[in-house]
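# Descriptive structure summary
Read off the chains here:
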Amino acid sequence: MYTFPNKLKNIARALMILGFIGLVLGFIGAPKNIAEAKAMVTSEHHDEGHGEAVEEHAEEIHAEDAHEANTHAEVSHEKDSHVEEEAHDSAHDEHLLHQLQNKPWAALYVAAFFFFMIPLGVLAFYAIQRAAQAGWSPVLFRVMEGITGYLLPGGIIVIVILALSGMHFNHLFIWMDPEVVAHDKLIAGKIGYLNVPFFLGRAIFFLSGWSLYRYLSRKFSLAQDESSDISNHKKNFRISAAFLVFYIVTESIMSWDWIMSIDPHWFSTLFGWYVFASMFVTGITTIALVTIYLKSQGYLEFVNDSHIHDLGKFMFGISIFWTYLWFSQFMLIWYSNIPEEVTYFITRIEDYNITFFGMVAMNFLFPLLILMNSDYKRTNYFMIMAGIVIVLGHYLDVFNMIMPSAVGDQWFIGIAEIGGFLFFLGLFIYTVFTELTKAPLLAKGDPYIGESERFHY
Amino acid sequence: MSNQFIHALYDDDDVLLNAVKEIREHKHHIEEIYTPFPVHGLDKAMGLEGTRIAIMAFIYGCIGLGVAITMINFIMIEDWPQNIGGKPSFTFLANLPAFVPVIFEMTVFFAAHLMVITFYMRSRLWPFKKAENPNPLTTDDKFLMEVKLNGNEKELTALLKKTGAIEITIPQNHEE
């Protein structure tokens, strides 16, 4: 049995406290009214490095004398404004206020969703191992079950944030605002699907389905340890196959609901796959990181470097799969250049250049080059290094999916974003390692456990 | 008579694997083993070096990448800039997304084909080559081990018998 070391427990608690403080500061720092928002943007432009890019952008627009469309608040500051422009400006100012008020919420939501998608990705990976009756992985089942322990708490937090949005505590989802819908034909046409009760109902239905599978599978897995026949294993096989069908449908819809609908005018048909690839590779990476950590503490003596090697292959392969989807989505939209679609990438390339292309380097180039060599995949040092970069890279991926539509060019990885990340990291560590203490780390009753222990490359 | 070998035939891969280990323990040199299918772990038991084809694959991929970039840059940018779907082709970077699939395919093409050719050359295989296989049974269900003979015929035969060989022969070298 595993005991949760006090040192790690304290680290997790410290992360939660630090993160909580960061989030609170972020919420306190959000502007209450338009004047504050304007003051923040002006001061930011003079102090922060990030402001410079915006300033340059604004100047460009000056030069081109095209200030009617996406002009920044800054333009209106510096421009000798005409009378007609003033009404326009106040609309922009209000928009700016909403963006800045959204910022701490978006920071919270990005981190909450990111850490929620890890156990969901692991659950899918686990179900694939069960359904495929894989011989190599049963020694890792308990690690996977430990990580999926965060599924329910993490999912509840995400749904609470969604419910708070539905109650108009923030403007993350503009389609939830009846004012916006009234003036927007496109969103009005989608109201049959995009309405708060149905939205929350779907969310609760999805989370219950996933949690039900997680609960049953864990129960059968533990029962199999003490059982003399393999009936629990067979049950697990059956529900896992059924779950995978349920999962891929609900995961797709979940990604449209929880992420794509933040930008309700834009749509991509492979978005569900894209989010899946992201959660899958982050989940597998987390399995590898937790496994290597536990091994370094003297647990999991039955896990050998061939298991780590296989996880490394998955990290490598799914990173490339993610890149394939990222590029497919990007290239088709870039090529066809349809205005309603291409705005999505224009915002990301103009306002989020560093994070947008930085994440491709972190999620593709780095793992590609580091994990290509088969010896490196058996070296813990390289696996940890690649793993941390992949996890952070996919945090940035979620950041890039949510932030541009929520806060526009007012993004900044500041105290609220880091606080959100740390808070959920702490909660994740605390929940996962508590779950690991609840059962022996070896699923000794699994019929494939012998094959898995002898597994070598 | 320095290049003489003794041939031992086995009919089971597990027996063969144990035989390989035992013969190597007795410091005999196994020249080659012919099997009807790849035997898992045989390369390690024989003490063969790890393959270097992965390194070559990486190099070939890089060559393919370079060739593809040069090629597409010449075709689409320098020689005859084309306007496809309203995207005038004047700089390489601005059109890179459209070229990525081509560059990717060329990289894979180079890596795959050059790897296969390398493998054939390294294994000394080419069209119409006569089989080196000393016994056609190894294409069916038998395993043949070729061990170097240094005038220790009796001792080796006994050892091979002990390890479970079903037939032991010393072929006459016709080429000499």
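Residues numbered from 1 in each chain as written. Chains lettered and ligands numbered in written order. Predicted model: local features only at pLDDT ≥ 70, side-chain atom pairs only at ≥ 80, totals over all residues.

All right, on to the overall build of chain B then. The number of helices and strands found in chain B is 5 helices and 6 strands. For chain B, the sequential pattern of α-helices and β-strands runs β-α-β-α-α-β-β-α-β-α-β. For 176 residues, the compact-globule formula gives about 16 Å, and the C-alpha radius of gyration of chain B, at 26 Å, lies well above that figure. Dimensions of chain B, computed from C-alpha atoms along their principal axes, come out at roughly 80 × 35 × 25 Å. Going through the 176 residues of chain B one by one, you find that 14% of them count as buried. (Helix = DSSP H or I, 4+ residues; strand = E, 2+ residues; numbered from the N terminus. Rg over C-alpha atoms; globule rule 2.2 N^0.38 Å. Buried ≥ 20, exposed ≤ 12 C-beta atoms within 10 Å, placed from the backbone.)

Here we come to the environment of His98(A). With respect to the helices and strands, His98(A) occurs in helix H5 (residues 83–131). With 212 residues separating them along the chain, His98(A) and Asp310(A) place their C-alpha atoms 46 Å apart.

Take helix H14 (residues 339–351) of chain A next. Residues and elements named next belong to chain A. With 13 residues, H14 should reach 18 Å at 1.5 Å per residue; the first-to-last C-alpha distance of 17 Å fits that figure. Its maximal kink placed at phenylalanine 345, H14 deviates by approximately 25 degrees. The set of residues buried in H14 consists of Tyr344, Thr347 and Asp351. For H14, the elements touching its buried residues are helix H13 (305–336) and helix H16 (380–407). (Expected span 1.5 Å × (residues − 1). Bend = angle between axes of the 7 residues up to and from the residue. Contact = placed C-beta atoms within 7 Å.)

Before going further, it helps to examine the nonpolar core. One recurring pattern in soluble globular proteins: nonpolar side chains tend to sit buried together. Among the nonpolar cores identified, the biggest contains 113 residues, and Val110(A), Met315(A) and Ile402(A) are the most heavily contacted of them. Examining the composition of this core, we find that 21 residues originate from one element, H5(A), more than from any other. The contact partners of Val110(A), leaving out residues within four places of it in the chain, are Val398(A), Phe399(A), Ile402(A), Met403(A) and Gly420(A). Listed in part, the 15 residues of the second largest apolar core include Leu16(B), Val147(B), Leu156(B) and Leu160(B). (Core = buried A, V, L, I, M, F, W, Y, C linked by C-beta atoms within 7 Å.)

In this section: the environment of Asn236(A). Residues and elements named next belong to chain A. Considering the arrangement of structural elements, one finds asparagine 236 in helix H11 (residues 231–258). We classify asparagine 236 as buried; it has 26 C-beta atoms within 10 Å. In sequence terms asparagine 236 and alanine 131 are 105 residues apart; their C-alpha atoms lie 8.1 Å from each other. Those residues in contact with asparagine 236 that sit more than four places away from it in its chain are Arg130, Ser217, Phe220 and Ser221.

Time to look at the sheet that holds strand S6 (residues 167–169) of chain B. All names here are of chain B. Strand order in the open sheet formed by 4 strands is S2-S5-S1-S6, and the pairing between neighbours is antiparallel. Of all the strands in the sheet, the pair left with one neighbour each is strand S2 (30–34) and S6. Shown here is a sheet whose adjacent strand axes are inclined to one another by a mean of 15 degrees, direction ignored. As defined by bridge partners, S2 adjoins strand S5 (residues 143–148) across 4 bridges and the pair is classed as antiparallel. Residue pairing across strands places tyrosine 34 opposite leucine 144, the latter belonging to S5. Of the strands in this sheet, strand S1 (5–10), S2 and S5 are in contact with helix H1 (residues 13–25), which crosses S5 at around 10 degrees. (Pairing = 2+ DSSP bridges. Axes fitted to C-alpha atoms, helices over the stretch in contact; angles between N-to-C directions.)

Before going further, it helps to examine the interface of chain B and chain A. If you look at the interface, chain B gives 6 residues, while chain A gives 7 residues. Along the lines of polarity and charge, the residues of the side of chain B that touches chain A split into 4 nonpolar, 2 polar and no charged. (Nonpolar A, V, L, I, M, F, W, Y, C, P; charged D, E, K, R; others polar.)

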